[in-house]
Amino acid sequence: MIYLIGGSSKSGKSYISKKIMEEKNIPFFSTDFLLWSLGGKNGLFSYFDSSNKVSPILEEYILKILFFINKNNQDYVIEGTHITLSLYLKVKSLYKDNVKGIFLGYINTTPLDKYNEIKKYENNDSNKWYSYLSKDEFLTFISDQINESKLLKEELNSKSLDLFYEVNNIEKDYKYIIDKLFEM
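Throughout, a residue's number is its position along its own chain's written sequence, starting from 1. Whole-chain, interface and lining totals are the exception, using all residues; otherwise, since this is a predicted model, local features are given only for residues with pLDDT of at least 70 and side-chain atom pairs are given and counted only at 80 or more. Processing note: side-chain calculations cover all non-hydrogen atoms of the structure and skip hydrogens and water entirely.

Here's the deal with the nonpolar core
Nonpolar cores are built from buried Ala, Val, Leu, Ile, Met, Phe, Trp, Tyr and Cys residues. Side-chain atoms within 4.5 Å join them into one set. Burial status follows relative accessibility: with a 1.4 Å probe on protein chains alone, a residue under 20% of its type maximum counts as buried, one over 50% as exposed, and anything between as partly exposed. Core analysis: the largest hydrophobic core is formed by 23 residues, its most contacted members being Leu4, Leu66 and Phe103. Put simply, DSSP marks the helices as runs of H or I at least four residues long and the strands as runs of E at least two long, and each gets a number from the N terminus on. When contributions to this core are tallied by element, the ones reaching two or more residues are β1 (2-7), α2 (31-38), α3 (51-71), α4 (85-95), β4 (99-105) and α6 (135-158). Residues are treated as being in contact if the distance between any of their heavy atoms lies within 4.5 Å. Excluding residues within four positions of it along the chain, Leu4 makes contact with Leu66, Ile78, Ile83, Tyr88, Val91, Val99, Lys100, Gly101 and Ile102. In this structure, Tyr3, Ile20, Tyr165 and Ile170 belong to the second largest nonpolar core, which totals 17 residues.

Next comes the structure, spelled out in structure tokens:
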């Protein structure tokens, strides 16, 4: 089974993937690994390019990875902001019942509250890509992510796909999210 976890930055995708690995012994792969290995100074794109620019570039590689996971009949979690709805729909059409997915986001919060939450758990965060941002830049980024979460939820609802989960407290919500993903 291929489990895809997409959604907004800092919504808990990696946290959920690590919990699945711990509790269900299913390995995970973060699309950030691709971003870091293919990007950079002489890479395909800059680390600072928008997700809208990067996701289509990474899609080709993600599809190849998923082809081999499916071909070898392996269980795997693939997570990242680069798991878009369009990628999910492509993968679902290719591998049908062998794919489950969920999208995480945050809507009913303020940029400052989300900022404080991220800072509270910063010591547990292995991916502090945001550390180069000033507080004001990060608050603007979080505001953009709240808007992206709203748009994603609306898009999923318009397609009658019950795949969006709003994360309010990842430590309290993760069991429900994992159960929802595995019960689909």
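A few points about the packing of helix α1 (residues 13-24) against helix α7 (residues 170-183)
Interaxial distance between α1 and α7 falls to 10 Å at its minimum, and their mutual angle equals 65 degrees. Our classification of the angle between α1 and α7 gives roughly perpendicular. Relative to α7, α1 is oriented so that their crossing is right-handed. On α7, the residues touching Tyr15, Ile16, Lys19, Ile20, Glu23 and Lys24 of α1 are Ile170, Glu171, Tyr174, Lys175, Ile177, Ile178, Leu181 and Phe182. Gly counts as polar in this scheme, as do all residues outside two lists: the nonpolar Ala, Val, Leu, Ile, Met, Phe, Trp, Tyr, Cys and Pro, and the charged Asp, Glu, Lys and Arg. Across the contact of α1 with α7, the residue classes tally to nine nonpolar, no polar and five charged. To define axes, lines are fitted to C-alpha atoms, for helices over the stretch in contact only, and angles between the resulting N-to-C directions are given on a 0 to 180 degree scale. Orientation is classified from the angle alone, with under 35 degrees giving roughly parallel, over 145 giving roughly antiparallel, 65 to 115 giving roughly perpendicular, and any other angle giving oblique. For any pair of crossing helices, the crossing counts as left-handed if the nearer helix is rotated counterclockwise from the farther one by less than a right angle, and right-handed if it is rotated clockwise.

Remarks on the environment of Pro27
Mapped onto the elements of the fold, Pro27 is located in the loop between α1 and β2 (28-30). For the pair Pro27 and Ser11, spaced 16 residues apart in sequence, the C-alpha to C-alpha distance is 20 Å. Residue contacts for Pro27: discarding those within four places in its chain leaves Met21, Asp75, Tyr76 and Val77.

As for unusual backbone geometry
Even without a glycine there, the phi angle at Lys96 is positive, about 40 degrees. By secondary structure assignment, the location of Lys96 is in the loop between α4 and β4. Located in the positive-phi region is Ser160, a residue other than glycine, with phi close to 55 degrees.

Points about the side chain of Asn98
On the secondary structure map, Asn98 appears in the loop between α4 and β4. The term polar contact refers here to a pair of N or O atoms within 3.5 Å; inside protein, the definition further demands a hydrogen-donor-capable atom paired with an acceptor-capable atom, and it admits residues adjacent in sequence only when both atoms are side-chain atoms. A polar atom in the side chain of Asn98 sits 2.5 Å from the side chain of Asn70. The residues contacting Asn98, other than those within four sequence positions of it, are Met1, Ile2 and Asn70.

Here we look at the pattern of salt bridges
Salt-bridge detection follows one rule: a side-chain nitrogen of Lys or Arg within 4 Å of a carboxyl oxygen of Asp or Glu. Counting across every chain of the model gives seven salt bridges. Across the pair Glu22 and Lys19 runs a salt bridge whose closest N-O atoms are separated by 3.8 Å. Within this pair, Glu22 and its partner Lys19 are both found in helix α1, separated by three residues, close to a single helical turn. On the basis of relative accessibility, which here comes to 18%, the residue Lys19 falls in the buried class.

Brief notes about α1
For a helix, the expected span equals 1.5 Å multiplied by the number of residues minus one. For α1, spanning 12 residues, the distance from its first C-alpha to its last is 16 Å, which sits close to the expected 16 Å at 1.5 Å a residue. Within the sequence span of α1, burial applies to Lys13, Ile16, Ser17, Lys19 and Ile20. Considered in projection along α1, the buried side chains sweep an arc of 160 degrees and stay on one side of the axis. Each element contacted by the buried residues of α1 is listed here: β1, β2, β3 (76-79), β4 and α7. Taken from the residues just after α1, Asn25 is the one with a positive phi, measuring 60 degrees. Here the arc refers to the directions that run from the helix axis out to each C-beta atom.

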